[in-house]
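The residues making up each chain are set out below.
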Amino acid sequence: YQYKVHVMNRKSPVLINFIVTTCVALLLTACGGGGGSSSGDSGTLSLSLTDAPVLNEDIAEVIVCFTDVIIHPSDGSPDIVEDVTNGTDTCREINLKELTNGKTVLLGEFDIPAGDYSWIRLDIDPDNTVIVEREVVGEPDEVDASEPDVLYPARRLDCSSCDQSHLKLNRSFTIENTGFIGFTIDFDLQKSLTLQLPQSIKPRPDDAYKLRPTLRILDTELASTFIWGSVTDITSLGGTTLTDCRVYTYTGELATVIPDDICNSGCTEGTAPGDRPLDIALVEADVINNDGTFDYRTGSLYPGAYTLALFCETDDPEADEALNYIGDRDVTTGGASPSGFGPVDFDLADTPGGTTPQ
């Protein structure tokens, strides 16, 4: 898709006859098309980052160190290189684990020549891109914790696949003079991280986790809808706590979607791609109001039809599993809604929705 930001350019109503000939003789390049930009014309490109949660309690932090944003003009002009280090000596560290459930951070806003562009690439410093794991998990957020997490030292991520192709976003767009366009990039660590050693080996050495970036780019203005709600438990059953639960969002109406597990690899053939979750929202205690409720909030979504399902079982992202889910909800979001769409609530006592295919 190609997104265009239109503004109105004012031109002088005065017509001078000799401009016709002098434009041809002296200003052919400036009057011509190429990438659609004129000398001195520029607009603004805004890039933000977000992330889907990682369903691995061992992982406390994933810090990716960004250096540059590369923007490629469609007309073959030299790439535009924008420094995003914010004046640091090496790179800008961003903890992607802090960007779940709709949180975002601005990577940068760049004034670039008006024109057409083919792709964007993010450059990172692999030597300073690290993961931090927990040695001991502290008290949950909903308790007045006196025992914080105990962390292992940071370890370098194996980012040998972080070449141009893996951090390249093939999204064409157009910037017009004084125009503005914004994108939000979902890094999706759940699909990007792979543990290359047995789970029992701790503490990990460097390069135990491999990072294969799986990026999704969203038009920030259009993808301004999110879904929110509460999760309650009136069953008084032991063995499951609400912090073990997550709400999965699938593309499409309930009648057309069979909720399935994550399954990054080794998935059963024939399963519709839309039946894998588009978004995963953690169920977390409301520590702001501290009223004992448990809430969830999806990431940014385009307006449309979605199916939501509540999962309270461990989902191994590297396996195709038969998991039970509790209830499911049919949701159709409207236009841009900064306040979100909801509430869409769940309870552990809801009628079982079914079991994921395997």
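Just so we're clear, the structure is a prediction, and the values are computed from it rather than from any experiment.

A.B. asks: Even after reading the chapter, I still don't get the side chain of Arg92, so can you show me in this structure?
C.D. replies: Counting through the fold element by element, Arg92 comes out in strand E5 (residues 92-95). No salt bridge is formed by the buried Arg92; the nearest opposite charge belongs to Asp83, separated by 9.1 Å. Here Leu107 takes part through its backbone oxygen, which lies 3.1 Å from a polar atom of the side chain of Arg92. Every residue in contact with Arg92, bar those within four places of it in the chain, is listed here: Val64, Cys65, Phe66, Val84, Thr85, Asn86, Val105, Leu106 and Leu107.

A.B. asks: What is the right way to read the side chain of Ser192 from this model?
C.D. replies: Locating Ser192 in the fold gives a position in helix H3 (residues 189-192). Separated by 3.2 Å, the side chain of Ser192 and the backbone oxygen of Phe187 make a polar contact. Looking at Ser192, its side chain comes within polar contact range of the main-chain nitrogen of Thr214, at 2.8 Å.

A.B. asks: Any chance you could explain unusual backbone geometry here in plain terms?
C.D. replies: Across residues other than glycine, the phi torsion is negative in most instances, and most of the peptide bonds are trans. Along the chain, Lys202 connects to Pro203 via a cis peptide bond; the corresponding omega equals -5°. Here Pro203 is to be found in the loop between strand E14 (193-195) and strand E15 (209-211). Cis geometry marks the peptide bond from Gly342 to Pro343, where omega comes out at 5°. Following the sequence through the fold, Pro343 ends up in the loop between strand E23 (324-332) and strand E24 (346-347).

A.B. asks: Just to check I follow, could you spell out the sheet that holds strand E17 (residues 228-232) for this structure?
C.D. replies: Strand-to-strand pairing in sheets goes through backbone hydrogen bonds, with the strands running parallel or antiparallel. One open sheet holds the 4 strands; their spatial order is E20-E21-E17-E24, and the pairing between them is mixed. Edge positions in the sheet fall to strand E20 (284-285) and E24, since each of these pairs with one other strand and no more. Here 3 bridges tie E17 to strand E21 (residues 294-297), and the two strands are oriented antiparallel to one another. Bridge assignment links Ser230 to a residue of E21, and that residue is Asp295.

A.B. asks: What should I look at first to understand the nonpolar core in this one?
C.D. replies: Buried together is how nonpolar side chains tend to be arranged in soluble globular proteins. Leu45, Phe66 and Phe173 are the most contacted members of the largest nonpolar core, which totals 39 residues. Secondary-structure elements contributing two or more residues to this core are strand E2 (42-50), strand E3 (59-73), strand E6 (105-113), strand E7 (115-124), strand E12 (173-175), strand E13 (180-186) and E15. A per-element tally of this core places E3 first, with 6 residues. Not counting the four nearest positions on each side in its chain, Phe66 is found in contact with Leu49, Val84, Thr85, Cys91, Arg92, Ile94, Leu107, Leu122, Asp123, Ile124 and Phe187. In this structure, Ile227, Cys245, Val283 and Leu301 belong to the second largest nonpolar core, which totals 20 residues.

A.B. asks: Please explain the pattern of salt bridges as it appears in this structure.
C.D. replies: Pairing of side chains with opposite charge becomes possible as their charged atoms draw close. Under the criterion given, the structure shown has 13 salt bridges. Between Asp207 and Arg156 there is a salt bridge, with its nearest N and O atoms 2.8 Å apart. Of this pair, Asp207 sits in the loop between E14 and E15 while Arg156 sits in strand E10 (residues 155-156), and the two are 51 residues apart along the sequence. A relative accessible area of 31% places Arg156 in the partly exposed class.

A.B. asks: Can you walk me through the state of the cysteines in this structure?
C.D. replies: Two cysteines joined by a covalent bond between their sulfur atoms form a disulfide. All chains considered together, the criterion is met by 3 disulfides. One disulfide bridge connects Cys65 with Cys91, the sulfur atoms lying 1.8 Å from each other. One disulfide, between Cys65 and Cys91, carries an S-S torsion of 85° and so falls in the right-handed class. You can see Cys65 sitting in strand E3 and its partner Cys91 sitting in the loop between strand E4 (80-83) and E5, a full 26 residues away along the chain. You'll find Cys65 and Cys91 in the same group, each marked buried. The disulfide partner of Cys245 is Cys312, and the S-S distance across this bridge is 2.0 Å. One disulfide, between Cys245 and Cys312, carries an S-S torsion of 105° and so falls in the right-handed class. Here Cys245 is found in the loop between E17 and strand E18 (246-251), whereas its partner Cys312 is found in the loop between strand E22 (305-311) and E23, with 67 residues between them in sequence. Using a relative accessible area of 16% as the deciding quantity, one classes Cys312 as buried.

A.B. asks: It is not clear to me how the packing of aromatic side chains should be interpreted in this structure. Could you clarify?
C.D. replies: Evaluation of the coordinates by the stated rule reveals 7 aromatic pairs. Seen from their ring centres, Phe66 and Phe187 are 6.3 Å apart, and the 90° between their planes marks the pair as edge-to-face. Of this pair, Phe66 sits in strand E3 while Phe187 sits in the loop between E13 and H3, and the two are 121 residues apart along the sequence. Phe187 matches Phe66 in its accessibility class, with the two residues each being buried. Three or more aromatic residues link up through ring pairs in this structure, and these residues are Tyr248, Tyr250, Phe311 and Tyr325. Above the face of the Phe226 ring, Arg297 is positioned so that its terminal group lies 3.5 Å from the ring centre. Directly above the aromatic system of Phe346 lies the positively charged group of Arg329, at a separation of 4.6 Å from the ring centroid.

A.B. asks: Please clarify how the confidence of the model for the chain should be interpreted in this entry.
C.D. replies: As a general rule, the predicted coordinates of low-pLDDT regions are not to be interpreted in detail. Mean pLDDT over the chain works out to 80, with 78% of the residues at or above the 70 mark. Across residues 1-38, confidence stays below pLDDT 50; counting only partners more than four residues off in sequence or on other chains, it has 38 contacts.

A.B. asks: Sorry, what's going on with the sheet that holds E18 here?
C.D. replies: Taking strand neighbours across the sheet as the criterion, the 5 strands line up as E19-E18-E22-E23-E25 in an open arrangement whose pairing is antiparallel. Bordering the open sheet on either side are strand E19 (279-282) and strand E25 (352-355), each of which pairs with just one other strand. Adjacent strand axes in the sheet meet at a mean angle of 35° when their direction is disregarded. For E23 and E25, the ladder comprises 3 bridges, and the chain directions are antiparallel. Opposite Tyr325, over in E25, you have Gly354 as the bridge partner.

How each quantity is defined
- Residues numbered from 1 in each chain as written.
- Predicted model: local features only at pLDDT ≥ 70, side-chain atom pairs only at ≥ 80, totals over all residues.
- Heavy atoms only, no water.
- Helix = DSSP H or I, 4+ residues; strand = E, 2+ residues; numbered from the N terminus.
- Buried < 20%, exposed > 50% of the residue type's maximum accessible area, 1.4 Å probe, protein only.
- Lys, Arg positive; Asp, Glu negative; His and termini not counted.
- Salt bridge = Lys/Arg side-chain N within 4 Å of Asp/Glu carboxyl O.
- Polar contact = N/O pair within 3.5 Å; in protein donor to acceptor, adjacent residues only side chain to side chain.
- Contact = heavy atoms within 4.5 Å.
- Pairing = 2+ DSSP bridges.
- Core = buried A, V, L, I, M, F, W, Y, C linked by side-chain atoms within 4.5 Å.
- Disulfide = S-S within 2.5 Å.
- Phe/Tyr/Trp six-rings, centres within 6.5 Å; stacked < 30°, edge-to-face > 60°.
- Lys NZ or Arg CZ within 6 Å of the ring centre and 35° of its normal.
- pLDDT = per-residue confidence, 0-100.
- Axes fitted to C-alpha atoms, helices over the stretch in contact; angles between N-to-C directions.

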